Amino acid sequence: MLRFALKRLMSLVVTLWVASLVIFLSLEVVPGDPAAFMLGLNAQEDTLAALRDELGLNKGPVERYTDWVGGMLVGDFGTSYTYRTPVSRMILDRVQVSLPLALYALTLSTLIAFPAGIWAAARRGKPTDIVVMGITQLGVAIPNFWFAMLMVLVFAINLRWFNAGGFAGWDAGFFPAMKSLTLPAIALALPQASILARVMRSSLLDTLNEDFIRTARAKGLSRRQALWRHALRNALIPVLTIIGLQFAFLLAGAIIIENVFFLPGLGRLVFQAISARDLIVVESVVMLLVFAVVLVNFLVDLAYAAVDPRLRGRR
Amino acid sequence: MNRNLAFGAGLTAVFVLAALISFAWVPQDVTQMDIANKIRPPSPAHPLGTDHFGRDILSMIMVGARTSIAVALVAVGIGMGLGVPLGLAAAARKGGWLDEVIMRANDLVFAFPSLLIAIMITAIFGASALNAIIAIGIFNIPVFARLTRSGALSLWTRDFVLAARVAGKGAARISFEHILPNVTNLLIVQGTIQFSLGILAEAGLSYVGLGAQPPTPSWGRMLADSQTMVSFAPHMALFPGLAILLTVLGLNLMGDGLRDLLDPRLRRDRQ
Amino acid sequence: MFSGWLRAGALSAAAVVASVGWAQARTDLVVGMQLEPPHLDPTSAAAGAIDSVLYSNVFEGLTRFMSDGSVVPGLAESWEISEDGTVYTFTLRSGVSFHDGTAMDAEDVKFSLDRARAEDSQNAQKALFADIDTVEVVDPQTVRVTLKQPNGSFLFNMAWGDAVIVAPESIDGIKQQPVGTGAFKFSNWVQGDRIEIVKNPDYWGEPAKLDRATFKFIADPTAAFAAVMAEDVHVFSGFPAPENLPQFEADPRFQVLVGSTEGETILGTNNKMPPFDNVKVREALAHAIDRQAIIDGAMFGYGTPIGTHFAPHNPDYVDLTGMSDYDPEKSKALLAEAGFPDGFTTTLKLPPPSYARRGGEIIAAQLREVGIQTEITNLEWPQWLEEVFRGKDFGLTIVSHTEPADINIYARPDYYFQYDNPAFQQLMTDLNNTTDPAGRSAILKQAQEMIAGDYVNGYLFQLAALSVANAKVMGLWANAPTQATDLTGVYWED
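Computed from a prediction, not measured in an experiment: that's the story for all the values here.

Conventions and cut-offs
Residue numbers here run from 1 along each chain, matching the order of that chain's written sequence. The naming scheme follows written order: chains are lettered A onward, ligands numbered 1 onward. Whole-chain, interface and lining totals are the exception, using all residues; otherwise, since this is a predicted model, local features are given only for residues with pLDDT of at least 70 and side-chain atom pairs are given and counted only at 80 or more. Just so you know, side-chain values use all the structure's heavy atoms and leave hydrogens and water out. Think of it this way: any DSSP run of H or I at least four residues long counts as a helix, any run of E at least two long counts as a strand, and we number them from the N terminus. The globule rule used for comparison is 2.2 Å times the number of residues to the exponent 0.38, while the radius of gyration itself is calculated over C-alpha atoms. Under the scheme applied here, a residue whose accessible area is under 20% of the maximum for its type counts as buried, over 50% as exposed, and between as partly exposed, the area being computed with a 1.4 Å probe on protein chains only. Values of accessible area rely on a 1.4 Å probe in the Shrake-Rupley scheme; residue burial ignores everything except the protein chains shown. A contact between two residues is defined here by any heavy atoms of the two lying within 4.5 Å. Two parts placed together each lose some accessible area under a 1.4 Å probe, and adding up what both lose gives the buried area. Throughout this description, the term salt bridge denotes a Lys or Arg side-chain nitrogen within 4 Å of a carboxyl oxygen of Asp or Glu. Any N or O atom pair separated by 3.5 Å or less is treated as a polar contact, with the protein-specific requirement of one donor-capable and one acceptor-capable atom, and with residues adjacent in sequence counted only for side-chain atom pairs. All amino acids are sorted into three groups, where Ala, Val, Leu, Ile, Met, Phe, Trp, Tyr, Cys and Pro are nonpolar, Asp, Glu, Lys and Arg are charged, and the leftover types, Gly among them, are polar. UniProt positions are given in the numbering used here, feature names are shortened, and annotations may be inferred rather than shown by experiment. For Phe, Tyr and Trp, where Trp contributes only its six-membered ring, two rings pair if their centres lie within 6.5 Å, and the inter-plane angle classes them as stacked under 30 degrees, edge-to-face over 60, or tilted in between. Ring-over charges, as used throughout, are those where CZ of Arg or NZ of Lys falls within 6 Å of the ring centre and within 35 degrees of the ring normal. Take the number of residues in a helix, subtract one, and multiply by 1.5 Å to get its expected span.

Enquirer: Tell me about the overall build of chain C, and name the residues and values.
Expert: Tallying secondary structure elements over chain C gives 13 helices and 19 strands in all. For 494 residues, the compact-globule estimate of 2.2 N^0.38 gives 23 Å, and chain C sits close to it at 25 Å. Taken along its principal axes, the extent of the C-alpha atoms in chain C is 90 × 60 × 35 Å. For chain C, buried positions account for 57% of its 494 residues. A total of about 18700 Å² of accessible surface is found on chain C, and carbon and sulfur atoms cover 52% of it.

Below is the structure:
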């Protein structure tokens, strides 16, 4: 087990290193000069040079790369070109939106998906199953930003139950803040819940076909008892994997929804930073998100290996 | 033929047909603007209304289908074209350094937040349909590589492959002559699903302005254009959104239906 | 239990006061705007959002713009100009102090001007200060500025947000904690959300009527619409979606302010790139464009057609739109004459604002009518600056030139549209050497006619300043002579 963990850890470090190279190099070739963007149409050449100097853009790429990676290792993500504030502080601000939003969406999606999936599996082939599965098909197919727009139209513009966008801020109190995250969380949760409900259902059905359930059924348990007492626990493993992956996805993948609702989250930060060529912000946030995904995968792998020793030999 | 497959294929066919017909005929030229008749609700002259430049929305959706389908199709092509050989190679050299490198590279691509990378790619190379294709295609590669590898691994232990090895055929030849034909079903099913994901991804990218550039109509951009007008012209947002929804739904149902039809393992489970 | 009773009692007392009408008019204001400043130093960035928040509210210059675009005394109470127009002696107002309590005197003025024109200056409008030779402190209330040559627009230049007076004591923290002399003090900045300013009780002039104001940044037009509708913001200056304005106009809770800006929106044309180096082709371009359709389609009717690079509200403006009226037949004839009977293909590179993106699609359709095919590329600002503005790698582009009185850019042959006409350059030199108003007016009119006759760029429309406000908010600027949201005279009607 320890050997396996060490080996996975090694590969995690290598992955992160390669990722940092890929990110840095691809941003090196992005056209557009942050200094020119800051100073606008009437900027003079000497003024631009002075600003570039202050931003450290005159250094060579190798030096900038080592500065960046070295800084990150000690928790220093550099200083934003446009805002001139530490990137780590900006990330911290934005995480206060992105993390709760991801958790909120994940909670909603789980709360919808579990009952839906179990219900459909329990009534497999019956009308309820067909209706639930039909709804999940729609949920998977709906573009979430369009769904978000429709929700804004109905709940924000027509009914005025919610704000159309913006984040109230945690200073405003827990409920106002959560309220401003509600529509975005629903928009994010719908497709996720649909996927999760489908996984839940098929995973349950798979388990119900396995030998130990058949044995239990043979001993006289009803189908429903077998499902609740034995199948559910075993079916949870693939479901939890999906939840783990969805969490990583939600953290980074909310970018379009953040744009629709104008939420100051991580995705929007990157989006704006790319537009302003605030490359240090882009690099650091993308690196952080990659780290989150890699870490989640690593933990999922470890958890699997702990549960099922056979898997240790694989990969 | 099962119900899912029939319904899904029917829906998909509607949009593919609309795209094909649009090459020959559309109700109104989509490059023609008629500012005086902008933002009109549906009427006999314009069954789905007009947009903010007075263009016919039905025509825009028909031509937009071309963009969506083309982008998603080519992206799937890229994913298969590169992913399948990589997967086959990894399976043939299971446990070797080649396998290790390919699988690690796969993990690496998966670790990147796909949408952000797509945005970065378009920031570097500029927004265009081609770059949207590349951005979506890249993330299709590991999907097909993994699928092919896992499908191929189970085949390498089968008797007919052993027979071919004994006959002295090389790994590459076995992969293409014996393994590939037996993973085709898997690939078709996955291809349908990636196709539908590609349509969604294209819509998302062009919604944030990174897909096909005007005047080429695209569903995502139609939605973006309609966003500020949704409060007084909901038809502008409704129809392109429905087009995306129905196409993706059709493809997903078709994918499910194909899986039931083609994938022997799943067929057993359904008994 | 008791405290609950107490609170209820207090509430009903408040209700009584309110119903009797003793309540004071509101003294707080939330102003929405689209763009957030990157930092808060107006003297080291081009971002208009910095001036939108701080100009005149927090920072002041020697002179200042009024709502109608005129230049009036600011921190300088008065000035004398030498006979030859090269020496300006400013008398500063007395008793002016910065928000940190330090006095504003001639040393601060010298510091500010010297800093802006220093070698390592990061001033985005360094050219404003280019003619300054020396800045001398005569006494604490008097500053003498000597110019290298006469400059008729020097007082105008000093009114820009890039020329505000800052203090050496507080300069290091200016990007996060701006310290100025204005009627409002900076209070708080929640990045990504809002900036708060509060009334400066020690202001030298007429004190502000508002006690506090919050600038809230809402980039998304839909969210902006909803925020105003829900009355979360009381004023939205520079409302980004003209298509929503009719809904506000129809609602008695709101007022829509339509004013003028200094933004000439033009179809920027690369005068050095064939076929645009041929004046006939440029003239054909001008006749292919239907301005009214662009104003209606891109701006939903808001905007004034222009025929040259000059603001229509300026007294020296000449209406030359007739020289480039919409006439596709004439355009085709001109193209044929220039050797392009079947038209040609060129690039149209568009920056992000909706006037450019929407206007670009419409222009592309109009040009197609006369046979000119365009490849549209939508660019972010940094890319636009690099490719179009600096790299000159473009055929056509659309951009609004929002700097006031900037016809002199046509005298710069290396400016992105690359108009190189010695006669025009001479005209601008003459303008700088002319101080009498009649003479200047004549030269400006001649300049407008010259660029219109050379069809340098396609002249589309003057950008309108569009703001929405609560119907009870008074004293707002309708016009936008510079990027500013001057709140010093704003108040709530009872």
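So that's the structure; there's more coming.
Enquirer: Report on the interface of chain B and chain A, specifying residues and quantitative values.
Expert: Each side of the interface is counted separately: chain B has 39 residues, and chain A has 44 residues. Across the chain B to chain A interface the summed buried area is about 3600 Å²; carbon plus sulfur atoms make up 76%. Note that A:Arg198 and B:Asp256 form a salt bridge whose closest N and O atoms lie 2.8 Å from each other. Linking chain B with chain A are 3 residue pairs in polar contact (both at pLDDT 80 or more). Of all the secondary-structure elements, those providing two or more residues to the side of chain B that touches chain A are helix H3 (97-111), helix H4 (114-125), helix H7 (171-207), helix H8 (219-226) and helix H9 (235-262) of chain B. With 11 residues, the single largest contributor to the side of chain B that touches chain A is H9(B). Here the residues of the side of chain B that touches chain A sort into 27 nonpolar, 6 polar and 6 charged.

Enquirer: Run through the UniProt feature "transmembrane region" (unreviewed entry) in chain B, naming residues and quoting values.
Expert: All names here are of chain B. Residues given the UniProt feature "transmembrane region" (unreviewed entry) here are residues 6-26, 69-92, 112-139 and 236-255. Along residues 112-139 the backbone is 82% helical and 0% strand, and the end-to-end C-alpha distance reaches 9 Å. Segment residues 236-255 splits into 100% helix and 0% strand. End C-alpha atoms: 30 Å apart.

Enquirer: Provide a residue-level description of the UniProt feature "domain: ABC transmembrane type-1" (unreviewed entry) in chain B, including the pertinent values.
Expert: In the UniProt entry, the feature "domain: ABC transmembrane type-1" (unreviewed entry) is given for residues 65-255 of chain B. Summarising residues 65-255 of chain B: 82% helix, 0% strand, and an end-to-end C-alpha distance of 19 Å.

Enquirer: Please give an account of unusual backbone geometry that cites residues and values.
Expert: Of note, the amide linkage connecting B:Pro214 to B:Pro215 takes the cis form, showing an omega dihedral of 5°. Relative to the helices and strands, B:Pro215 is located in the loop between H7 and H8. Note that the residue after C:Pro274, namely C:Pro275, is joined by a cis bond; omega there is 0°. You can see C:Pro275 is positioned in the loop between strand E12 (254-269) and helix H7 (279-288). The phi torsion at A:Arg277 lies on the positive side, around 55°, for a residue other than glycine. In this structure, A:Arg277 sits in the loop between helix H12 (266-275) and helix H13 (279-307). Using a relative accessible area of 1% as the deciding quantity, one classes A:Arg277 as buried.

Enquirer: Pulling in residues and values, what's your account of the packing of aromatic side chains?
Expert: Residues and elements named next belong to chain C. Under the criterion given, the structure shown has 34 aromatic pairs over all chains. When the centroid spacing of 5.5 Å and the interplanar angle of 75° are considered together, the rings of Phe65 and Phe156 count as edge-to-face. Of this pair, Phe65 sits in strand E2 (residues 63-65) while Phe156 sits in helix H4 (residues 154-157); the two residues are 91 residues apart in sequence, bridging distant segments of the chain. Taking the centre distance of 5.4 Å and the plane angle of 55° together, the rings of Tyr415 and Tyr416 count as tilted. Across the pair, exposure class does not vary: Tyr415 and Tyr416 are buried alike. Aromatic rings pair up to connect Trp381, Trp384, Phe389, Phe394, Tyr410, Tyr415, Tyr416, Phe417, Tyr419 and Phe424 into one cluster. We note Arg26 situated over the ring of Trp492; from NZ or CZ to the ring centre the distance is 4.9 Å.

Enquirer: If you had to explain the pattern of salt bridges to someone new, which residues and values would you point to?
Expert: All names here are of chain A. Per the counting criterion, the structure on display carries 30 salt bridges over all chains. In this structure, Arg64 and Glu28 form a salt bridge, with 3.0 Å as the shortest nitrogen-oxygen distance. With a gap of 36 residues between them, Arg64 in helix H4 (residues 61-73) and Glu28 in helix H1 (residues 2-28) connect regions that are remote in the sequence. A residue is classified by how much of its surface remains accessible, and Glu28, at 31% relative accessible area, is partly exposed.

Enquirer: Which residues make up H3(B), and what values go with them?
Expert: Compared with an ideal rise of 1.5 Å per residue, which puts 15 residues at 21 Å, H3(B) spans 21 Å between its outermost C-alpha atoms and is within 8% of the ideal. Of the positions making up H3(B), those classed as buried are B:Asp99, B:Ile102, B:Met103, B:Arg104, B:Asn106, B:Asp107, B:Leu108 and B:Ala111.

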